[in-house]
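What follows is the residue order along each chain.
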Amino acid sequence: MASWIIIGSHRDAWTFGASDSVSGHVSMMSVARGLSEMMKSGWQPRRSVLFVSWDGEEPGLLGSTEWVEDRESELKAKAAVYVNRDAGAGGPFFSGSAVHSLTPFVHELAQSVDADQPSKTLYDRWLERARDQNPPKDGQPMLKVPPVGALGSGSDYTAFVDHLGVTALDMGLTGPGDNGTYHSTYDNPAWFKKYIDPQFKFSVLAAQVTGVAVLRLADAQVLPFDDEVYGKQILEYVNEIEKDATAKSSVESKRVDFAGLKAAAEAFARAGARARKEADALLAGQPPKGAVAGLNHRLMMAERDLIEPAGLPDRPWFRHTIYAPGLYTGYGVKTIPGVREAIDAGNFTRAAEQAKIVIRALERATRTLSAQGS
Ligand SMILES: [Zn+2]
């Protein structure tokens, strides 16, 4: 079945919105123009590429939410990846947040685009910035790789990830220069041209990195999802939450099946490793008809399996078991939110119930990934 790569950016703004989000929207439109030129010279993407210009983002992600809700069944069947471009040509530093099956993809993406300084890539500059912002403490080693953030909310990927379980990526370029202008009347073209990107260098870089992302996702024989990395990331979150829970109450925390959560995350990671090996084997030889499509379908559907139909406690619209904005953190993410927030609130009964839900979701995803030949 034909699957979709969707790229979206909002065009509404609180006032002028030169940075937020015209700078991101322009990079999306540049990519659309570039791909249309490629199509005129005969290129055909392996997957359909949908370009979506959102309205109503600022007052509550209205446009993207309505669109996703209206097309729920079609998106569930076809959406492979959603790429989000909000404000994002504000300086030389790439940053990305994503569903963590995409971590290696985002790293490779940043490695393949030259930065604003000679013989450096966007990846090098991203790592420099991440090291500046997270200096090693307590004898810990320096950051080895730039961190791919977890998706909370505050932009149009929210409905895709949190409501439907579509693998998503949010990225952009940032810099030091936007202090105080965010969501204000100072975010206007004169400010952007004078202080942020006088030669539109960063805007070109932003278009390049967006274009490479969309091209690779649209043309990859096998979707570049690494569920081994994803599973290990989930395991890290579980360990973190267990530590918090034990610090709160070493007795009560025993009611939560952390061993089961870890086993489920590990099994998911192992299934991810097998899926990657399967991909390598398929691509190395002459894959039997339908084998690559079958693998792609399983990779796509494993993310859907992490959706819990009943949703999170007290907010059923948010259905992803691994990512959600915190109930009290605005845009800020809470990973494995059902369990983590119950523990934050000291509600161990709820945490125990939620842990079961997360385990079941991970087991579903593991089964889907492992269902070879289906
Ligand atoms: Zn925005």
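Quantities reported herein were computed from a predicted structural model and do not represent experimental measurements.

### Observations concerning the domain arrangement of the protein
Link 1 in the chain: The domain boundaries assigned to the protein delineate domain 1 (4–219) and domain 2 (227–370).
Link 2 in the chain: Taking the mean C-alpha position of each, domain 1 and domain 2 sit 24 Å from one another.
Link 3 in the chain: With 32 residues of domain 1 at the interface, the matching set in domain 2 holds 22 residues.
Link 4 in the chain: Joining domain 1 to domain 2, the criterion identifies one salt bridge.
Link 5 in the chain: At the boundary of domain 1 with domain 2, the tally comes to 12 residue pairs in polar contact (both at pLDDT 80 or more).
Link 6 in the chain: Broken down by secondary-structure element, the contributors of at least two residues to the side of domain 1 that touches domain 2 are helix 2 (62–70), helix 3 (72–78), strand 3 (79–84), helix 4 (103–111) and helix 6 (158–164).
Link 7 in the chain: With six residues, helix 6 is the largest single contributor of residues to the side of domain 1 that touches domain 2.
Link 8 in the chain: When the residues that make up the side of domain 1 that touches domain 2 are grouped by side-chain class, the tally is 14 nonpolar, 12 polar and six charged.

### Topic: the coordination of the zinc ion
Link 1 in the chain: Looking at the metal site, the zinc ion is ligated by H10 (NE2), D20 (OD), D86 (OD) and D86 (OD), spaced 1.9 to 2.8 Å from it.
Link 2 in the chain: Sequence positions of the residues that donate to the zinc ion give the spacing H-x9-D-x65-D. One end of the pair, H10, is in strand 1 (residues 4–10); the other, D20, is in helix 1 (residues 18–40), and 10 residues separate them in sequence.
Link 3 in the chain: Under the relative-accessibility criterion, D20 is labelled buried at 7%.

The rules behind these values
Residues numbered from 1 in each chain as written. Predicted model: local features only at pLDDT ≥ 70, side-chain atom pairs only at ≥ 80, totals over all residues. Heavy atoms only, no water. Domains from an automatic or database assignment. Contact = heavy atoms within 4.5 Å. Salt bridge = Lys/Arg side-chain N within 4 Å of Asp/Glu carboxyl O. Polar contact = N/O pair within 3.5 Å; in protein donor to acceptor, adjacent residues only side chain to side chain. Helix = DSSP H or I, 4+ residues; strand = E, 2+ residues; numbered from the N terminus. Nonpolar A, V, L, I, M, F, W, Y, C, P; charged D, E, K, R; others polar. Donors = N, O, S within 2.8 Å, 3.2 Å for Na, K, Ca; no water. Buried < 20%, exposed > 50% of the residue type's maximum accessible area, 1.4 Å probe, protein only.

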